[in-house]
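What follows is the residue order along each chain.
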Amino acid sequence: MSLLPDILDIQTTGDQAVLTLAVPQTLAVFDGHFPGNPILPGVVQIDWAMRLAVGHLGIADPVARDFQVKFRRIIQPGVRLALTLRHDRVKQALAFEYRIGDEVASSGRVRLEVPS
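About the criteria used
Residues numbered from 1 in each chain as written. Predicted model: local features only at pLDDT ≥ 70, side-chain atom pairs only at ≥ 80, totals over all residues. Heavy atoms only, no water. Helix = DSSP H or I, 4+ residues; strand = E, 2+ residues; numbered from the N terminus. Rg over C-alpha atoms; globule rule 2.2 N^0.38 Å. Buried < 20%, exposed > 50% of the residue type's maximum accessible area, 1.4 Å probe, protein only. Contact = heavy atoms within 4.5 Å. Areas by Shrake-Rupley, 256 points an atom, 1.4 Å probe, with all protein chains shown as cover. Lys, Arg positive; Asp, Glu negative; His and termini not counted. Charge placed at Lys NZ, Arg CZ, Asp CG, Glu CD. Pairing = 2+ DSSP bridges. Phe/Tyr/Trp six-rings, centres within 6.5 Å; stacked < 30°, edge-to-face > 60°.

**Student:** Tell me what's going on with the overall build of the protein, and back it up with residues and numbers.
**Tutor:** Looking only at helices and strands, one finds 1 helix and 6 strands in the protein. When the elements of the protein are put in sequence order from the N terminus, they spell out β-β-α-β-β-β-β. Relative to the globule expectation of 13 Å for 116 residues, the C-alpha radius of gyration of the protein, 14 Å, shows essentially globular dimensions. Oriented by its inertia axes, the alpha-carbon framework of the protein measures out at about 45 × 25 × 25 Å. Every one of the 116 residues in the protein was classed for burial, and the buried ones make up 39%. Long-range pairs, those at least 24 residues apart, make up 60% of the contacts in the protein with a sequence separation of at least 6. As displayed, the protein offers around 6700 Å² of accessible surface, 50% of which is attributable to carbon and sulfur atoms. Each charge class in the protein was averaged separately, 12 positive and 12 negative side chains, and the resulting centres sit 6 Å apart.

**Student:** Give me the side chain of Ser 107: which residues, what numbers.
**Tutor:** As for its placement among the helices and strands, Ser 107 is situated in strand β6 (residues 103–113). Ser 107 gets classed as buried once you look at its relative accessible area, which sits at 18%. Sequence-distant contacts of Ser 107, defined by excluding residues within four places in its chain, comprise Gln 68, Val 69, Lys 70, Phe 96 and Glu 97.

**Student:** Can you tell me about the pairing of β6, naming the residues and giving the values?
**Tutor:** Bridge analysis of strand β3 (residues 63–71) against β6 gives 8 bridges, and the strand direction is antiparallel. The residue bridging Gln 68 from the neighbouring strand is Arg 109, located in β6. Alignment of strand β5 (residues 93–100) against β6, held across 8 bridges, turns out to be antiparallel. Bridging across to β6, Tyr 98 finds its partner in Ser 106. Here β5 hands over to β6 after 2 residues, with Gly 101 in that stretch at a positive phi of 65°.

**Student:** Can you tell me about the packing of aromatic side chains, naming the residues and giving the values?
**Tutor:** Throughout the structure, instances matching the rule amount to 1 aromatic pair. Residues Phe 96 and Tyr 98 carry aromatic rings whose centres are separated by 5.9 Å and whose planes lie at 70° to one another, so their mutual orientation is edge-to-face. Among the residues examined, Phe 96 registers a relative accessible area of 3% and is labelled buried.

Here it is, written out as C-alpha cells:
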C-alpha cells in the first residue's frame, strides 16, 4: 500500500518546486482517519512536504525542529493538489502550501536542522 500521492507534474526553479499531485482514494494514510468521511491527516501533509522537498529540492536528511501549520480546508481522497515548496537556506526553513484549485487547503513552515 502506498503512503505517497501520485506525482503528475513537477516544476523546479532554484529553491522552489511546484508539484501537481493526485490523491488516490486507496492511500493507506486514510485508513481509520475517519471511517465514512476520510480526510488527509495534518501530520501526513507535513510528512509529504518534507519527503518531496528532499527528493526535489535536494535537502539532505533534514530534521524538523519546529513547525507552524494553518489548515483552511479538509483534503479528501480523490482530489488533485498543487503543492508549492520553498526552501529558505539562510533561515533553514521549508515553506509549503497545498492548493485545491484556487483555494489554499493548508500552508505552513518547518524549521529544519540538517545534520553535518
